[in-house]
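Structure assessment
One-letter residues, chain by chain:
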Amino acid sequence: MTPSTTEIILRPSAEDHRVARHAAAAIVLTVAEAAIPLPLPGVKPGLANIITLVVLARWGWREAVWVALLRVLVSSLLLGQFLAPGFFLSLVGSVTSLAVLGLAMHLPGRAFGPVSQSVLAAFAHIGGQLLVARAWLVPHDGVFYLVPVFALAATLFGLVNGLIAARLLQEKSAPPPEQAGV
Amino acid sequence: MIPGPALRGWLAAWAAHLKWGDVLVLAAALAACGLSAVALWQGGRPDKAIIKAGGRVFAEVDLNATRILEVPGPLGATRIEIQPGRARVAADPGPRQYCVRQGWLSSAGAVAICAPNQVSLALSGRTADYDSINY
């Protein structure tokens, strides 16, 4: 059969496969995390960011952006949040934290490890979310009343996620994170 | 409680992933938590008491020292007691004593009114979320 001129053939590269695999792991973590009851809306461990950190360290910022944004999109579809306020909040949080990660990855590696990146990204995440929440969802300065709570959560979960990412990165010939029992 | 050797080893294994820059970032993060809590959660602290008699301001007193004021009104003198961070109407000649029974006022926006003697005591601060009349 002669190949059709309108046929589109997608040839996924090794990078595409890698992005898909890591994004899948991140999506699983997000969906699993959504089942955990939490006392305050907005305070979440954000375990999927472990994947983002690992991808950032191993494969660079561009790939980390792909993984993080695919994760936001697909997990919102799975959880029925697509285009709901929560989707935009997590999108903005991801975008701001990816921007900060892009800067933080250039910090000298001798002194600053994944924990620094994780904590900084977590703060960027709540910062971006609070600004959007203030501008759009809760147009009142009352949202900032919760800043200390969010900051504490960002510190704590930033530390935990950063430590897990550091540990995963340390394993020399580590299997892909989704099989490492994150 | 002294952690057992297993727990200590476990913690040490995790702590091994922390570099000095990470500790710095964590310290800064904790400082940000503390500072934001202080900055955002103390807005209700009063810093001044405004005492009115007969509709006019009788005195504005800083809430940083202990002090007793006698405010004259049509029925007699209302005694107002100021202490660091709080104030109350200690005695009033009015018949129902509502303002006295309110006790110590300690948040910005709180108001005690002794209507019969035309005396009121109000606390003001940088940011009062509500006043006790509207509330």
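Further up the page is the structure itself.
In terms of regular secondary structure, chain A is built from 6 helices and 0 strands. Its helices and strands taken in sequence order, chain A reads α-α-α-α-α-α from the N to the C terminus. Taken against the 2.2 N^0.38 rule, which gives 16 Å for 182 residues, the C-alpha radius of gyration of chain A at 18 Å falls within 12% of a compact globule. In terms of principal-axis extent, the alpha carbons of chain A reach across some 65 × 40 × 30 Å. Taking the intrachain contacts of chain A between residues at least 6 apart in sequence as the baseline, contacts between residues at least 24 apart amount to 73%.

With 17 residues of chain B at the interface, the matching set in chain A holds 20 residues. The element best represented in the side of chain B that touches chain A is helix α2 (residues 20-41) of chain B, accounting for 13 residues. Across the side of chain B that touches chain A, the residue classes tally to 12 nonpolar, 3 polar and 2 charged.

A separate point is the pairing of strand β2 (residues 56-62) of chain B. All names here are of chain B. The buried count for β2 comes to 0 of 7 residues, which makes it a mostly uncovered element. Strand direction decides the pairing type here: strand β1 (residues 46-53) and β2, joined by 6 bridges, are antiparallel. In the sheet register, Ala-53 faces β2, and the bridge partner there is Arg-56. Hairpin connection from β1 to β2: 2 residues lie between these consecutive antiparallel strands, with Gly-54 at a positive phi of about 60 degrees.

The next point concerns unusual backbone geometry. All names here are of chain B. Its identity is not glycine, yet Gln-97 carries a phi of approximately 65 degrees, on the positive side. In this structure, Gln-97 sits in the loop between β5 (86-91) and α3 (98-101). On the basis of neighbour count, Gln-97 is assigned to the partly exposed category, with 14 C-beta atoms found within 10 Å. At Gln-118, a residue that is not glycine, the phi angle is positive and equals roughly 60 degrees. Taking the number of C-beta atoms within 10 Å as the measure of exposure, Gln-118 has 19 and is therefore partly exposed.

Parameters at a glance
- Residues numbered from 1 in each chain as written.
- Chains lettered and ligands numbered in written order.
- Predicted model: local features only at pLDDT ≥ 70, side-chain atom pairs only at ≥ 80, totals over all residues.
- Helix = DSSP H or I, 4+ residues; strand = E, 2+ residues; numbered from the N terminus.
- Rg over C-alpha atoms; globule rule 2.2 N^0.38 Å.
- Contact = placed C-beta atoms within 7 Å.
- Nonpolar A, V, L, I, M, F, W, Y, C, P; charged D, E, K, R; others polar.
- Buried ≥ 20, exposed ≤ 12 C-beta atoms within 10 Å, placed from the backbone.
- Pairing = 2+ DSSP bridges.

Honestly, it's all geometry; don't read function into it.
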